[in-house]
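A closer look at the structure
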Amino acid sequence: MKTWPFCSAWNKRGRYFLTFTLLAGGMGILFFVNLLSGSVDLTWNQVFSLLLKGEGEETARRILWDIRIPRILAAAVLGGGLSVSGFLLQTFFANPIAGPYVLGISSGAKLVVALMLIFFLGQGIPVTWAVMIGGAFLGSMISMGFVLLASSRVNSMSVLVVCGIMLGYICSAVTDFVITFADDANIVDLHNWSMGSFSGMSWENVKIFSAVVFFCLVLTLLLAKPIGAYQLGETYARSVGVEIKRFRGELILLSSILSACVTAFAGPISFVGIAVPRLVKGMLGTARPVMMIPGCFLGGGVFCLFCDLAARSLFSPVEVSISSVTAVFGAPVVIWMMLREKRRME
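Each value, and the rule that gives it
- Residues numbered from 1 in each chain as written.
- Predicted model: local features only at pLDDT ≥ 70, side-chain atom pairs only at ≥ 80, totals over all residues.
- Heavy atoms only, no water.
- Axes fitted to C-alpha atoms, helices over the stretch in contact; angles between N-to-C directions.
- Helix = DSSP H or I, 4+ residues; strand = E, 2+ residues; numbered from the N terminus.
- Parallel < 35°, antiparallel > 145°, perpendicular 65-115°, else oblique.
- Left-handed = near helix turned anticlockwise from the far one by under 90°.
- Contact = heavy atoms within 4.5 Å.
- Nonpolar A, V, L, I, M, F, W, Y, C, P; charged D, E, K, R; others polar.
- Patch = residues over 30% accessible without salt bridge, like charges linked within 9 Å, V, L, I, M, F, W, Y side chains within 5 Å.
- Areas by Shrake-Rupley, 256 points an atom, 1.4 Å probe, with all protein chains shown as cover.
- Salt bridge = Lys/Arg side-chain N within 4 Å of Asp/Glu carboxyl O.
- Core = buried A, V, L, I, M, F, W, Y, C linked by side-chain atoms within 4.5 Å.
- Buried < 20%, exposed > 50% of the residue type's maximum accessible area, 1.4 Å probe, protein only.

**Details of the packing of helix α5 (residues 129-153) against helix α11 (residues 244-266)**
Packing of α5 against α11 brings their axes to within 8 Å, and their N-to-C directions diverge by 130 degrees. Of the possible angle classes, the one that applies to α5 and α11 is oblique. Crossing geometry of α5 relative to α11 is assigned as right-handed. Counted together, Trp 129, Met 132, Ile 133, Ala 136, Phe 137, Ser 140, Met 141, Met 144 and Leu 148 of α5 and Ile 252, Leu 253, Ser 256, Ile 257, Ser 259, Ala 260, Ala 264 and Phe 265 of α11 form the full contact between these two elements. Residue composition of the contact of α5 with α11, by class: 14 nonpolar, three polar and no charged.

Given below as structure tokens:
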């Protein structure tokens, strides 16, 4: 049966519209569910009175505005940034199983931040968020340098992934070793941070990481056209005027800043950067960057909001680390991707 071109275009637009509607709707629903859920349950009337009228008990107001809303925004924005970081790495390596956590980049950021925290706190020096992001960025770039060195020497992506996993184990082991010998006053905070969590966010934190993530997101959108050309191969990208060396450097830089920002504020979070872009690509039915970049951001926000809700609610009042929950839901996606890729190669 013949399919008319305008019908095909309409189907694509309809699929895009449906996907973005589902992602935006899912984020809105999870936003309100997260407002209601926690160790102290709030009712719809309390939430709407506080949000729309500013009326309500002081305790409920502090829970909502000082604890839950900053945490929800952290999960949405940082989760979206981590997903976009994974998309950039997958574009760079032209492989769907590349991601900041799998390649050990998040672990490198975690190690440097932990070392800086222990040193500065041990000296009684306050640590600003700019220093945290800078340390995480330094760790990300060091780990990325190792990954790039390994990629230049091996042709197999599976070997590169194994190298990244080993790098992650080494960085995590050194981090645990350092935390063990930290001052007792710092051990709890460092341990909680190293496990990954969106808790303890303030409005100052929200302003800082939102500015960093959205700035990188805008720059990434400006690279949408070169990314689309690069996806078709380096030869084609060069033929349309893309400076490959500079372009690859921009991908590395943006991906590292995004993953560093997430690690600095929430600690290392697993599998978001590798699983979400693949799921969004399947929902959209396209790899076009102009669709994938906002789709990955929304998808990462929805995924992290859902996982954070599970981390807070499943075993309440005990809270599970966000990285454990994202691994439970993200790891099966990665396994499915690897098995599917293997079958395709056969």
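**A word on a nonpolar patch on the surface**
Together, Val 162, Ile 165, Met 166 and Tyr 169 make up a nonpolar patch on the protein surface, roughly 390 Å² of accessible area in all. Inspection of the secondary structure puts Ile 165 in helix α6 (residues 157-180).

**Let's talk about the nonpolar core**
Among the nonpolar cores identified, the biggest contains 89 residues, and Leu 78, Phe 198 and Phe 209 are the most heavily contacted of them. The greatest single-element share of this core, amounting to 17 residues, is contributed by helix α3 (residues 58-93). Phe 271, Ile 274, Ala 275 and Val 333 belong to the second-largest nonpolar core, a separate cluster that totals nine residues.

**A look at the pattern of salt bridges**
A pair can form between side chains of opposite charge whenever their charged atoms are brought close. For the structure on display, the rule yields seven salt bridges. A salt bridge links Glu 234 to Arg 238, with the nearest nitrogen and oxygen atoms 3.5 Å apart. Here Glu 234 and its partner Arg 238 are both found in helix α10 (residues 234-239), four residues apart, which amounts to about one turn of the helix. Because the salt bridges share partners, they merge into one network encompassing Arg 71, Asp 308, Arg 312 and Glu 319.

**Some points on the packing of α3 against helix α13 (residues 289-313)**
Orientation of α3 relative to α13, taken along the N-to-C sense of each, is 135 degrees, at an axis distance of 7 Å. Regarding the angle of α3 to α13, the classification is oblique. With respect to the hand of their crossing, α3 and α13 are arranged in right-handed fashion. Contacts between α3 and α13 pair Arg 71, Ile 72, Ala 75, Ala 76, Val 77, Gly 79, Gly 80, Gly 81, Ser 83, Val 84 and Phe 87 from the former with Pro 289, Met 292, Ile 293, Cys 296, Phe 297, Gly 300, Gly 301, Cys 304, Leu 305, Asp 308 and Arg 312 from the latter. Considered class by class, the residues forming the contact of α3 with α13 number 13 nonpolar, six polar and three charged.

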